[in-house]
Amino acid sequence: MTSLLVVITAVLGWHLQYLAFDFEFEKFFPNNHPDSRAYQKHVEQFGYDNDYLHIIIENDGGIFNESYLANAAKFEKSLNNIPDVKNVYSPLSLQHVIKSPTGLVIFPLMHTDSPSEYQMKQDSLRIFGNPFYKAAFSSNRDALSIYLNHAHFNDQKRSERLLDAIRLKAQIYEIPKIRLVGKLSAAGVFISYIQNDFGKFLIGSLILSFALLLLIFRNFKSALLPFLISLLSIVWLFGLVGMVGVKINLLSSLLPPILFFVSMSDAVHLMNALKKTEANQKADKLKQALSIVWIPTLLTSVTTAIGFLSLIWITTEPVQILGVLAAVGILFAFIVTFTFGLLVASVTSYSTEKSLIEIPRSWLPILISNKGKISISVIILAAILIPGISQLKINSFLLDDLPKDSQVRRDFEYADEQLGGSKPYEVRVEVADTSLTIWNKQVMDEIVKIEDYLLNQYPIAKVQSPATIIKYLNMVQNGGLNENFQYPTQQNQYKRNIRLKNRIDPKRLDKLVTEDGKVARLIGFFPELGSHETDLRNKKLLSYLDDTINKDLINYRITGTTFLIDKSHELLSINLLKGLVTAVGIIGLILGLYFRSWKLMIISLIPNLIPLILIAGILGWLGISLKMTTAIIFTIAFGIAVDDTIHMMSYYLKNKEGDPHLRMENTFKHAGSAMLITTIIMIAGFALYLFSNFGATFYLGLFVCLSLLIALLIDLTILPLLLMRFRKHASKR
């Protein structure tokens, strides 16, 4: 057995080096959802709308500066030579076109090669008098945006190479200030925070937990065993993750503390049982300890694992991965505890010295004499907090978890404030009448309605669509004057623009209209509003379109990564809560069958549901929104807290000697003390997460600590009173 454990640990430990992190936001989109299927079809026709970077280059003296324009133009041109760059668009290389009697007159929109003061002034008037041109410039006129379309990355290292190459080019061409706004820059900093927290707080939890175990057990050997069991459990699980090639995402990065403290709970209960047994012979001590903790620990492991496995019914890959890995890790912890733990225990002598933390014998009399006050206190607390649940709303901000002083967050906020928005927005349009194309005027008239609403009512900045092309061509046809950048209402004017459009290289149009002319897209950018506000605006948009659009001509739908990310947060938050309800139901059913009593099933769930309900109320009153990273807290807290309840109930119900009071005293002495130790260690470990600058990590630490503290108080007060009352009535029957 020892050799087998050594081999397994060595093999899995070797594979820890292959751990990798995943930054694909698209994987959080729900599988087989109509919006996801529509998005995949849209991607096949137009590519990923999130494969872009807004490269914002600033100059404090204003953009119309001779040396700045010269360097900016060289910088923009050099970007095309970077690997993985597909296209680069900016006003620096855009041409202004005028149709004259002799043909098309083409000249630069911005003169960048030694421009005169007069040329720069004329360029400025032309740009800022035209809504199409000025969308690429900051409102304070100190910056312009270069739009870079890049390859679709599944590899963080490739994306980092691209970002580094862009920054290097900026240094070479003496660009004074550069901001990178897009998925790559955001994903990079998210991965950085996850990696830092993943290692830093795990190591901190290990050190703190061992120190607390040493302090509590007052014996190095007694402290070392639970520590090693937890460490081995983590090595086994993440070694397996590295072996099978599963990447760590935002959700699965939460697994180390979950597994560490669940395995710690198993080990502490075993260690406490070994210390409390009265047998003299080592073999007898092991048998007595096993008789106390084997079944309860097996039950807690199976129920918690099943609870997490219920997440596989949520059709989102990262959530399914979290459920499977958590279940496997919990079972690994059980196996390690009762193989490695027992092997070490069988060859090691442990101190029977009383632990520093014990439940005093006076606790039960105090509890019984104050049971009325305790019940009233819980009712009052619930009456205060439960109404807060009605204040909860699902709302997420893309970069809300980043610190306010994060450079990436500041860059996105700058784009929101100065350039109209940082988040891509997309509407898909298909012709309903297949005999028509997007370019037929009656179809285009409907697209104009959508574009006008997006520009003026939503509002969306930098909207581009087939209608934008028609407006631009109308300007070209009419002397290139800004006031002629408008949609032609007359059929003959429209036909003139279409004839001019047909002379343009079709590759310039493929990002807006499919080759067959049957599908189009309206794309733009808007500021971070939060998923709740965005959803309200989307509903207003769809309501307006339902009332005004001729559906015999076109079909329309909102799509794109921004829409699906917001949708995913909503669906994930709801589904995680549904998964929690499922887990509660499954665990309750298993406990009801094990205890052979539906009343005991209810009693077992009360100490674990009360903390969740109270935490939900606290979230509501504090105005903290439900989102993926806060909704998952409920699942984690329930999965961890239910272990102690099962140990308490199992020991009390198994111990049939004496009256209910004596049985409860023995339960406090054995299971209660272990529960107190594990909860203190878990709260201390999760409290470290309060020092994180990353919002998801901070809130995990805060609310899991609160949940565990409330669960402990309920387990030490309400649960004993309920159990003794149940046993009293059972005895009478």
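Residues numbered from 1 in each chain as written. Predicted model: local features only at pLDDT ≥ 70, side-chain atom pairs only at ≥ 80, totals over all residues. Heavy atoms only, no water.

Novice: Honestly, the overall build of the chain in this entry has me stumped. Any pointers?
Specialist: What the chain contains, in helices and strands, is 25 helices and 10 strands. Taking all 733 residues of the chain together, 58% fall into the buried category. The contacts of the chain with a sequence gap of at least 6 include a subset with a gap of at least 24, amounting to 79%. Across the chain, the 71 positively charged side chains and the 60 negatively charged ones have centroids separated by 7 Å. (Helix = DSSP H or I, 4+ residues; strand = E, 2+ residues; numbered from the N terminus. Buried < 20%, exposed > 50% of the residue type's maximum accessible area, 1.4 Å probe, protein only. Contact = heavy atoms within 4.5 Å. Lys, Arg positive; Asp, Glu negative; His and termini not counted. Charge placed at Lys NZ, Arg CZ, Asp CG, Glu CD.)

Novice: Can you help me understand the pattern of salt bridges in this one?
Specialist: Working definition: two side chains of opposite charge can pair if their charged atoms are close together. As enumerated under the stated definition, the model contains 22 salt bridges in all. Across the pair E58 and R179 runs a salt bridge whose closest N-O atoms are separated by 2.6 Å. Residue E58 is located in strand β1 (residues 52-58), and its partner R179 is located in strand β6 (residues 177-182); the two are separated by 121 residues in the primary sequence. With a relative accessible area of 7%, E58 lands in the buried category. Ionic pairing is found between R126 and D123, a salt bridge with its closest N-O pair at 3.0 Å. Here R126 pairs with D123, and both are found in helix α4 (residues 117-128), just 3 residues apart, close to one helical turn. Relative accessible area serves as the criterion here: at 16%, R126 is assigned to the buried category. Within this structure, D400, D401, R409, E413 and K627 form a network of salt bridges that share partners. (Salt bridge = Lys/Arg side-chain N within 4 Å of Asp/Glu carboxyl O.)

Novice: It is not clear to me how the domain arrangement of the chain should be interpreted in this structure. Could you clarify?
Specialist: Interface size is commonly expressed as the accessible surface area that is lost when the partners come together. By the assigned domains, the chain splits into domain 1 (51-181), domain 2 (188-390 + 566-731) and domain 3 (411-559). Placing a centre on the C-alpha atoms of domain 1 and another on those of domain 3 gives a separation of 23 Å. Contacts between the two partners involve 29 residues from domain 1, matched on the other side by 23 residues from domain 3. Surface buried jointly by domain 1 and domain 3 totals about 2300 Å² across both partners, of which 58% is contributed by carbon and sulfur atoms. (Domains from an automatic or database assignment. Buried area = accessible area lost by both parts, 1.4 Å probe.)

Novice: What's the story with the pairing of strand β3 (residues 95-100) in this structure? I'm lost.
Specialist: Remark: a regular strand shows side chains that alternate across the two faces of the sheet. Two strands pair when backbone bridges link them, and β3 and strand β4 (residues 103-108) are joined in this way by 6 bridges, in the antiparallel orientation. Across the sheet, residue S100 finds its bridge partner in β4, namely G103. (Pairing = 2+ DSSP bridges.)

Novice: Can you walk me through the sheet that holds β6 in this structure?
Specialist: Pairing between the strands of a sheet is mediated by backbone hydrogen bonds and can be parallel or antiparallel. With antiparallel pairing, 4 strands are arranged side by side in an open sheet as β2-β5-β1-β6. Whereas interior strands pair on both sides, the edge strands pair on one side only; in this sheet they are β2 (85-89) and β6. Averaged over all pairs of adjacent strands, the angle between their axes in this sheet comes to 25 degrees, without regard to strand direction. Of the strand pairs in this sheet, β1 and β6 are connected by 6 bridges, and their pairing is antiparallel. Across the sheet, the residue bridging to I55 is L180, located in β6. Running over the sheet, helix α3 (residues 66-79) touches β1, β2, β5 (143-150) and β6 and is turned about 160 degrees from β1. Across the sheet, helix α15 (residues 407-418) lies against β1, β5 and β6, angled at about 85 degrees from β6, the strand it touches most. (Axes fitted to C-alpha atoms, helices over the stretch in contact; angles between N-to-C directions.)

Novice: Which parts of the structure should I look at to understand the packing of aromatic side chains?
Specialist: Scanning the entire structure with this criterion turns up 26 aromatic pairs. Measuring from centroid to centroid gives 5.6 Å for F190 and F694, while their planes differ by 85 degrees, and the two rings are edge-to-face. Placement of the pair is F190 in helix α7 (residues 183-217) and F694 in the loop between α23 (660-687) and α24 (695-716), with a sequence separation of 504 residues. We note that F190, like F694, is buried. The ring of Y494 has K441 lying over it, and the distance from NZ or CZ to the ring centre is 6.0 Å. (Phe/Tyr/Trp six-rings, centres within 6.5 Å; stacked < 30°, edge-to-face > 60°. Lys NZ or Arg CZ within 6 Å of the ring centre and 35° of its normal.)

Novice: Any chance you could explain α4 here in plain terms?
Specialist: Each turn of an α-helix holds 3.6 residues, which means side chains three or four residues apart point in the same direction. Taking 1.5 Å per residue, 12 residues should reach 16 Å; α4 reaches 16 Å between its end C-alpha atoms and fits that length. All buried positions along α4 are accounted for by M120, D123, S124, R126, I127 and F128. (Expected span 1.5 Å × (residues − 1).)

Novice: Help me understand α3, please; the structure alone is not making it clear to me.
Specialist: Here α3 contains 14 residues, and its C-alpha end-to-end distance of 20 Å stays within 8% of the 20 Å for a straight helix at 1.5 Å per residue. Listing the buried residues of α3 in full gives Y68, L69, N71, A72, A73, F75, E76, S78 and L79. Summarising the contacts, the buried residues of α3 are in contact with β1, β2, α4, β5, α6 (156-172) and β6.

Novice: Would you mind showing me how to read the packing of α23 against α24 here?
Specialist: How two helices sit against one another is set out by the angle between their axes and by the gap between those axes. Axis separation between α23 and α24 bottoms out at 9 Å; the angle between their running directions is 165 degrees. Comparing the axis directions of α23 and α24 gives the class roughly antiparallel. At the point where α23 passes α24, the crossing takes the left-handed sense. Contacts between α23 and α24 involve F668, M675, L676, T679, M682, I683, F686 and A687 on the former and, on the latter, L700, G701, V704, C705, L708, L709, L712, D715 and L716. In the contact of α23 with α24, the residues fall into 14 nonpolar, 2 polar and 1 charged. (Parallel < 35°, antiparallel > 145°, perpendicular 65-115°, else oblique. Left-handed = near helix turned anticlockwise from the far one by under 90°. Nonpolar A, V, L, I, M, F, W, Y, C, P; charged D, E, K, R; others polar.)

Novice: Can you help me understand unusual backbone geometry in this one?
Specialist: Most peptide bonds take the trans configuration, and most residues that are not glycine carry a negative phi. Between Y458 and P459 the backbone carries a cis peptide bond, its omega angle lying at -15 degrees. Even without being glycine, D84 reaches a positive phi, approximately 75 degrees. If you trace the backbone, D84 turns up in the loop between α3 and β2. D84 sits in the partly exposed class, given a relative accessible area of 28%. The backbone phi angle of K462 is positive, close to 55 degrees, even though this residue is not glycine. Here K462 lies in strand β8 (residues 461-464).

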